[in-house]
Amino acid sequence: MRVRVLGSAAGGGSPQWNCACPVCQDARRTGRHRSQDTVAVSGDGTAWYLLNAGPDIRTQILGTPELAPGPGLRETPLRGVLLTTAELDHTLGLLSLREAVRLSVYATPAVSAALETAFPLRPMLASYTELHWNELTDHLVLDGGLDVRRLTVGAKRPRYAAGVAGDDWVSALRLTDTRTGASFVHATCLPAWTAAFDGFVAGAGEVLLDGTFGTDDELTRTTGRPGSARSMGHLPIVESRPHTARHPGTRFRYGHLNNTNPAAGDDVVADGSELLADR
Ligand SMILES: [Zn+2]
């Protein structure tokens, strides 16, 4: 099983174009940029799936040799996109995939409804490509021997979808290679560490966790803007880290960093990081 982080930042990336906070200024100075949250996964190293499609997707794909097209003229190893939320930083990239001969997208009913009505990306895409829109159910089997389990972890709608019904807005995914048993959990938007989530990660080889904010008051402290991490649907790192200690056989790393989050170190991913590499 292969897991590659294409983008390790939350919406806006780092540096964010209009932000002069210390983390963004440092990113400008050092050139250490983070693009927006997208992960590529493959069971057999041949058939690849994207977990979310952010606005930086074109550059991310061009920088990932495993996703290069060929040998057929329009042949691509990309078999589909799984959406864990309907947020713009997870869905805008679909529009950049419109050149595909065919495109498979997997989304929950709530996410699908948002992208059908509030932000009609689905009908727009269908005008450009042969669009296969599938329900992201609680259990899926994908090409390349990938078994996918889904857990609803949050009910926060994107701002643009305030009037859209549904409750399965935010998903965690557990992907297992059916031949080797290797498994990876993707939870870059995690509002709370529930008993259900604890069971979901138990025994996984590696988990990519919500690293949006280091602390609950980070955004207000840095920018003066109101809003705690929890109120925005993100469990801060200081609160999830104690839970990870109860799973010593599982490696936890943080992604989806907001540009205000200076977190660094072995348990923070960068663009291009390969997960499960040592498993
Ligand atoms: Zn900033």
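Residues numbered from 1 in each chain as written. Predicted model: local features only at pLDDT ≥ 70, side-chain atom pairs only at ≥ 80, totals over all residues. Heavy atoms only, no water.

## A few points about the packing of aromatic side chains
Note the following rule: Stacked, tilted and edge-to-face pairs are distinguished by plane angle, under 30 degrees for stacked and over 60 for edge-to-face with tilted covering the rest, among Phe, Tyr and Trp rings (Trp via its six-membered ring) whose centres lie within 6.5 Å. Buried residues are those whose accessible area, probed at 1.4 Å on protein chains only, stays under 20% of the maximum for their type, while exposed residues exceed 50% and partly exposed ones sit between those limits. For helices the rule is a DSSP run of H or I covering at least 4 residues; for strands it is a run of E covering at least 2, with both sets numbered from the N terminus onward.
Counted according to the given criterion, the structure contains three aromatic pairs. Aromatic pair W193 and F197: ring centres 5.0 Å apart, planes at 90°, arrangement edge-to-face. W193 gets classed as buried once you look at its relative accessible area, which sits at 11%. Relative to F252, the ring of W193 lies with its centre 6.0 Å away and its plane at 50°, an arrangement referred to as tilted. Of this pair, W193 sits in the loop between β10 (183–187) and α6 (195–201) while F252 sits in strand β12 (residues 251–255), and the two are 59 residues apart along the sequence. One aromatic cluster is present, formed by W193, F197 and F252 through successive ring pairs.

## Things to note about the coordination of the zinc ion
In plain terms, the rule: Any N, O or S atom lying within 2.8 Å of the metal counts as a donor, with the limit raised to 3.2 Å for Na, K and Ca; because water is left out of the atom set, some sites can appear incomplete. Site shape is set this way: if four donors have all angles between 85 and 135 degrees, tetrahedral; if opposite donors are over 155 degrees apart and all others between 65 and 115, square planar for four donors and octahedral for six; otherwise irregular.
The coordination sphere of the zinc ion contains the protein donors C19 (SG), C21 (SG), C24 (SG) and N259 (OD1), at a distance range of 2.2 to 2.3 Å. Considering all four donor atoms around the zinc ion, angles at the metal cover 101 to 116° and the coordination shape is tetrahedral. Spacing between the donor residues of the zinc ion along their common chain follows C-x1-C-x2-C-x234-N. Residue class for C19 comes out buried when judged on its relative accessible area of 14%. On the accessibility criterion, C24 (0% relative accessible area) is buried.

## Quick word on the nonpolar core
Buried together is how nonpolar side chains tend to be arranged in soluble globular proteins. To keep things clear, this is the line we draw: By nonpolar core is meant a set of buried Ala, Val, Leu, Ile, Met, Phe, Trp, Tyr and Cys residues that side-chain atoms within 4.5 Å join together.
In this structure, L50, L94, L97, W169 and F197 are the most contacted members of the largest nonpolar core, which totals 47 residues. No other element matches helix α4 (residues 109–118), which puts four residues into this core. If you look at the next biggest cluster of nonpolar residues, it comprises 21 residues, including V3, L140, L146 and L208.

## A short note on the UniProt feature "domain: Metallo-beta-lactamase" (unreviewed entry) in the protein
Which entries qualify depends on this criterion: UniProt positions are given in the numbering used here, feature names are shortened, and annotations may be inferred rather than shown by experiment.
Here the UniProt-annotated "domain: Metallo-beta-lactamase" (unreviewed entry) positions come out as residues 48–238. End C-alpha atoms of residues 48–238 are separated by 33 Å, and the span's content is 21% helix alongside 27% strand.

## Looking at helix α8 (residues 237–244)
In plain terms, the rule: In this description, the arc belongs to the directions extending from the helix axis to the C-beta atoms. A contact between two residues is defined here by any heavy atoms of the two lying within 4.5 Å.
Buried within α8 are the following residues: I237, S240 and T244. Looking straight down α8, one finds that the buried residues subtend no more than 70° of arc, so they occupy a single side. The secondary structure elements touched by the buried residues of α8 are β11 (206–210) and β12.

## Side note on the sheet that holds strand β8 (residues 146–154)
The test is simple: Strand pairing follows a simple DSSP-based rule, namely that at least 2 bridges must link the two strands. Axis definition: a line fitted to C-alpha atoms, over the contacting stretch in the case of helices. Angles run 0 to 180 degrees between N-to-C directions.
Taken in spatial order, the six strands line up as β7-β8-β9-β10-β11-β12 in an open sheet, and their pairing is mixed. Two strands lie at the open edges of the sheet, namely β7 (139–142) and β12, each paired on one side alone. Across the sheet, the mean angle separating the axes of adjacent strands is 20° when strand polarity is ignored. Bridge count for β7 against β8 is four bridges, and the pairing is antiparallel.

## Points about the environment of H33
Following the sequence through the fold, H33 ends up in the loop between α1 (22–30) and β2 (38–42). With 18 residues separating them in the primary sequence, H33 and P15 have C-alpha atoms 6.3 Å apart.

## Overview of the side chain of T188
To keep it simple, the criterion reads: Any N or O atom pair separated by 3.5 Å or less is treated as a polar contact, with the protein-specific requirement of one donor-capable and one acceptor-capable atom, and with residues adjacent in sequence counted only for side-chain atom pairs.
Note that T188 resides in the loop between β10 and α6. Within the structure, T188 has its side chain in polar contact with the side chain of D37 (distance 2.9 Å). Setting aside its immediate chain neighbours within four residues, T188 contacts D37, H90, L208, L209, D210, T212, H234 and H256.

## Observations regarding the pairing of strand β3 (residues 48–51)
Both faces of the sheet carry side chains from a regular strand, because those side chains alternate between them. The test is simple: With the strands pointing away from the viewer, any crossover whose connection runs clockwise from the first strand over the helix to the second is right-handed.
Across the two faces of β3 the burial is the same, with W48 and L50 and Y49 and L51 all buried. In this structure, β2 lies alongside β3, joined through four bridges in antiparallel fashion. Counted as the bridge partner of V41 is Y49 from β3. One ladder, built from four bridges, connects β3 with strand β4 (residues 78–82); its direction is parallel. Opposite L50, over in β4, you have V81 as the bridge partner. For the segment spanning β3, helix α2 (residues 57–62) and β4, crossover handedness is right-handed.

## Considerations on the pairing of β7
What you see with β7 is a clean split: L140 and L142 sit on the buried side and H139 and V141 on the side with no burial. Taking the residues between adjacent antiparallel strands as the criterion, β7 and β8 are bridged by three residues, where G144 takes a positive phi near 80°.

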